Amino acid sequence: MATGTTTPAAASTEGQSGPTTATSTPDGATPAATPTQALAVTPAQTGTPATVPGSVPPAPAAPTPPAPAPAPAPTIPAPDRYAPVAGSEPAPSLVAPQPGSTAEVGVNGEGIYEDMWGFTLVGAQGSLVRRGLLDWTWGSISVTGGSNWVFNGDTRSLGFIDEPVIKGSGTFSAKASMDGSYARDGRSSQAWGPLKYSNANALAVSQQSVAGKWGVSESNVTVSIKIDEKGVLTGTTGGSEFGTCKLWGTLLQSEPKTAKNMYDLTLNTANAATGTQKACELDTAGDYAGPSAIYLTGAGDYVGNGYFRSLVMIAKSPRYVMTMYLDKQQ
């Protein structure tokens, strides 16, 4: 607000347009009121810069470009659950067995058979060893007509105190099964099988096929063996089932210079326990002997996952019988 000079006789009035100051003159005349003038500035609208007359208005700000879209995450293909597992091999075919294998050239039912309790191994000359639920059948069979078999008089059921004689007979279905019935010392007859002809019979093998390291590690037993290319075997056991033992012996192909999957095991054992280790539970006073063969374990849930090789060893000494299932160490 502008301010004028006033005297005591001056009267101040206000108009609608703002205060006006009147000044008395000596002759008593009252001059016309002169409104005080002020420069009114209309504020600029919010957000718009005021423009000074005669200046160049600023250029409008460039629009902010939108942020680039994020790159899409790389697509990782789901693993193929049917693909081969590293280190596995495809299953051999009984329809087209590998050249020279038992499935191709074997006769009189010889080979490897399977059931839920384990393996039955039938040799080329009729030897027979079977791991059952509660016992082992150990002896031989005679085969007539290529498919009809009968137990010979040397066949026993091991695992029972009296080791009863086993009598029985049945038939082979070529590359499929072994069926029949049997009885222990005239007791009630039971079904023998059907035992499934294993696809491991289609493997063509050699002495070198068992060379390397084999083993198993479970809560109650550990076994670790090494076999050289000549079949010489060394190893150890541990755990509550076998105790701490030293192993040595041989694992030799039953029919050298063939490709049949059957081996002969001889095994010696000695106590190797020290300190608080459990002493060896195997028969350290006598040698073990028996058949062995390579079998296949699935590498996954599907056939396409392939198979790993394992060894089954069934051996007896004058006092004991044992079975070992060992996996090939990669």
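Above this note sits the structure.
Residues numbered from 1 in each chain as written. Predicted model: local features only at pLDDT ≥ 70, side-chain atom pairs only at ≥ 80, totals over all residues. Heavy atoms only, no water.

Caption draft 1: Structural detail: the pattern of salt bridges. The tally for this structure, following the rule as stated, stands at 8 salt bridges. Residue R130 pairs with D115 through a salt bridge whose shortest N-O separation is 2.7 Å. Pair noted here: R130 is in strand β5 (residues 127-131) and D115 is in strand β3 (residues 111-115), with a separation of 15 residues, a long-range link. The partner of D135 in a salt bridge is R184, and the shortest N-O contact between them spans 2.9 Å. Here R184 lies in strand β10 (residues 177-184) and D135 lies in the loop between β5 and β6 (136-144), a separation of 49 residues in the sequence. (Salt bridge = Lys/Arg side-chain N within 4 Å of Asp/Glu carboxyl O. Helix = DSSP H or I, 4+ residues; strand = E, 2+ residues; numbered from the N terminus.)

Caption draft 2: Looking closely at the packing of aromatic side chains. For the structure on display, the rule yields 10 aromatic pairs. Pairing Y82 with Y302 gives two aromatic rings, centres 4.6 Å apart and planes at 65°, and the pair type is edge-to-face. In this pair, Y82 is assigned in the loop between β2 (18-21) and α1 (102-105) and Y302 in the loop between β18 (288-298) and β19 (307-316), connecting sequence segments 220 residues apart. Note on Y82: relative accessible area 43%, which makes it partly exposed. One aromatic cluster is present, formed by W149, F151, Y182 and W192 through successive ring pairs. Stacked on the ring of W136, the Lys or Arg R131 has its end atom at 4.2 Å from the ring centre. Sitting over the ring of W248, K246 keeps its end group 5.8 Å from the ring centre. (Phe/Tyr/Trp six-rings, centres within 6.5 Å; stacked < 30°, edge-to-face > 60°. Buried < 20%, exposed > 50% of the residue type's maximum accessible area, 1.4 Å probe, protein only. Lys NZ or Arg CZ within 6 Å of the ring centre and 35° of its normal.)

Caption draft 3: Local environment of unusual backbone geometry. A cis amide bond links G193 to the next residue, P194, at an omega of 10°. Structurally, P194 can be placed in the loop between β11 (190-191) and β12 (195-197). Positive phi, close to 55°, is recorded for N108, a residue that is not glycine. Topologically, N108 is positioned in the loop between α1 and β3. Phi angles above zero are rare outside glycine, and K175 is one such case at about 55°. Its location among the elements puts K175 in the loop between β9 (166-173) and β10.

Caption draft 4: Examining the state of the cysteines more closely. As enumerated under the stated definition, the model contains 1 disulfide in all. A sulfur-sulfur distance of 2.0 Å marks the disulfide that ties C245 to C280. The S-S bond linking C245 to C280 shows a torsion near 100°; that makes this disulfide right-handed. Placement of C245 in strand β16 (residues 245-253) and of C280 in the loop between β17 (263-271) and β18 is noted, with a sequence separation of 35 residues between them. The class of C245 is buried, set by a relative accessible area of 1%. Look at C280 and you get buried, because its relative accessible area is 13%. (Disulfide = S-S within 2.5 Å.)

Caption draft 5: A look at the environment of N148. One can find N148 in strand β7 (residues 148-151). Separated by 21 residues in the primary sequence, N148 and S169 have C-alpha atoms spaced 7.6 Å apart. Dropping the residues within four chain positions of it, N148 is found in contact with S142, V143, G170 and T171. (Contact = heavy atoms within 4.5 Å.)

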